[in-house]
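# Overview (structure and organization)
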Amino acid sequence: MFQKKPGSWECDACLVRNQPDVAKCVSCGTLKPGEQTPNKGQKSKESAKSSDLKPLSEMFQKKPGTWECDACLVRNQPDVVKCVSCGTLKAGASGQ
Ligand SMILES: [Zn+2]
Ligand SMILES: [Zn+2]
C-alpha cells in the first residue's frame, strides 16, 4: 500500500510526490524534471532565450533605494515614503 509507484516523481519545488502520468506538479504546477514543454523543441533557440532568465542570486539582490522600516523591518520600495505595512514614515523623509 505504501510502496512508491514506479514512475512517480517528486516535485523539485514543493517535494510533493506526483503520479507518473502527470507532467506538472499537482500542488504547485512545476514541470516534471526532464519534461519538455511542447513549444520548446528546438535547442538552437535556447541560447537566445537564456537572457530572459535571471540567475537566482540576482533576483534576491536588494534593489537600490529600497529601505527598511524602523518599526516593523518590512522592506519597502524606493518610491514609497511610508511603510506599506505599518505606515511609518521613511527615515529621513520630510513628509511633505
Ligand atoms: Zn510542486
Ligand atoms: Zn513598517
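So, here's what we can say about the structure. (Residues numbered from 1 in each chain as written. Chains lettered and ligands numbered in written order. Predicted model: local features only at pLDDT ≥ 70, side-chain atom pairs only at ≥ 80, totals over all residues. Heavy atoms only, no water.)

Once that is clear, we can look at the overall build of the protein. Secondary structure assignment for the protein yields two helices and four strands. Residues classed as buried in the protein amount to 11% of the 96 residues present. (Helix = DSSP H or I, 4+ residues; strand = E, 2+ residues; numbered from the N terminus. Buried < 20%, exposed > 50% of the residue type's maximum accessible area, 1.4 Å probe, protein only.)

The protein atoms donating to the zinc ion (ligand 2) are Cys-69 (SG), Cys-72 (SG), Cys-83 (SG) and Cys-86 (SG), with metal-donor distances spanning 2.2 to 2.3 Å. In this structure, the zinc ion (ligand 2) is surrounded by four donor atoms whose angles at the metal cover 104 to 118°, and the resulting shape is tetrahedral. In the primary structure, the donors to the zinc ion (ligand 2) are separated according to the pattern C-x2-C-x10-C-x2-C. Exposure remark for Cys-83: the relative accessible area of 4% places this residue in the buried category. Taking relative accessible area as the criterion, Cys-86 reaches 40% and is therefore assigned partly exposed. (Donors = N, O, S within 2.8 Å, 3.2 Å for Na, K, Ca; no water. Tetrahedral: all angles 85-135°; square planar, octahedral: opposite > 155°, others 65-115°.)

A few words now on the side chain of Asn-18. Relative to the elements of secondary structure, Asn-18 occurs in strand β2 (residues 17-18). The class for Asn-18 is buried, based on a relative accessible area of 1%. Setting aside residues up to four positions removed in sequence, Asn-18 forms contacts with Ser-8, Trp-9, Cys-11, Lys-24, Cys-25 and Val-26. (Contact = heavy atoms within 4.5 Å.)

Take the pattern of salt bridges next. Inspection of every chain in the model, using the stated rule, returns two salt bridges. Here Arg-17 makes a salt bridge to Glu-10, at a shortest N to O gap of 3.3 Å. One salt bridge in this structure joins Arg-75 and Glu-68, with 3.1 Å as the shortest N-O distance. Residue Arg-75 is classed as partly exposed on the basis of its relative accessible area, which comes to 35%. (Salt bridge = Lys/Arg side-chain N within 4 Å of Asp/Glu carboxyl O.)

Just distances and angles here, no functional claims.
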